[in-house]
Amino acid sequence: MEEKTLREQLCAVDGSLLFLGLLLLSVGLSYWGVSIQREGLCRILRGDGAGAEELPEVFPIRLWASALVVGCLGFFLCLAVKTDREAGYETAQSARTNLWASVLVFLAALLRLDELLQSASVGPHSSVQARLE
């Protein structure tokens, strides 16, 4: 392979590593958000509603996590589009399958982000309290 092609592949791999790291950060944020929700439920079950209200709001954490996922999946979708365009006859079917998978995963992340934004008007703890009532 020529050096230019290898440098382009190295750049793509470096970008993939960066965005995979950001996906891991997103998982960490999601874990943090769920652990806050769990703590809120435990406090409410113990009769400490005031303590539950003192916990950080989960919405901003979930929003950051979801936005990171959408951005990362957008990068991988772009890679899939590029790979599909450059695919030879032998790899065309694999590239097309990967492209469709990337499109569907990206759309799923967009739908989840949209659902999160739609539910933002509910309030930080009202869904927890509503389930207990």
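So, here is what we can say about the structure in this document. All values derive from a computational prediction rather than experimental measurement.

### Brief notes about helix H4 (residues 92–118)
Counting along an α-helix, one turn takes 3.6 residues, and residues three or four places apart therefore face a common direction.
Stage number 1. In this model, H4 (27 residues) spans 39 Å end to end at C-alpha, consistent with the 39 Å of a helix rising 1.5 Å per residue.
Stage number 2. Along H4, the residues classified as buried are Ala95, Leu99, Ser102, Phe106, Ala109, Leu113 and Leu116.
Stage number 3. Turning to H4, the residues buried within the fold contact helix H3 (59–86).

### Side note on the packing of aromatic side chains
One pair of aromatic rings is described through two measures. These are the centre distance and the angle between the planes.
Stage number 1. Throughout the structure, instances matching the rule amount to two aromatic pairs.
Stage number 2. Centroid distance Phe19 to Phe75: 4.3 Å. Interplanar angle 20 degrees. Geometry classified as stacked. Of the two residues, Phe19 sits in helix H1 (residues 3–45) while Phe75 sits in helix H3, which places them 56 residues apart along the sequence.
Stage number 3. Pairing Phe75 with Phe76 gives two aromatic rings, centres 5.3 Å apart and planes at 75 degrees, and the pair type is edge-to-face.

### Brief notes about the pattern of salt bridges
Stage number 1. Counted according to the given criterion, the structure contains four salt bridges.
Stage number 2. One salt bridge in this structure joins Arg46 and Glu39, with 3.7 Å as the shortest N-O distance.
Stage number 3. The class for Arg46 is exposed, based on a relative accessible area of 58%.
Stage number 4. Where Arg96 meets Asp84, a salt bridge forms, and the shortest distance between an N and an O atom there is 2.9 Å. Here Arg96, found in helix H4, pairs with Asp84, found in helix H3; they are 12 residues apart in sequence, far enough to count as distant.
Stage number 5. Under the relative-accessibility criterion, Arg96 is labelled partly exposed at 41%.
Stage number 6. Taken together, the shared-partner salt bridges connect Glu39, Arg43 and Arg46 into one network.

What counts, and at which threshold
Residues numbered from 1 in each chain as written. Predicted model: local features only at pLDDT ≥ 70, side-chain atom pairs only at ≥ 80, totals over all residues. Heavy atoms only, no water. Helix = DSSP H or I, 4+ residues; strand = E, 2+ residues; numbered from the N terminus. Expected span 1.5 Å × (residues − 1). Buried < 20%, exposed > 50% of the residue type's maximum accessible area, 1.4 Å probe, protein only. Contact = heavy atoms within 4.5 Å. Phe/Tyr/Trp six-rings, centres within 6.5 Å; stacked < 30°, edge-to-face > 60°. Salt bridge = Lys/Arg side-chain N within 4 Å of Asp/Glu carboxyl O.

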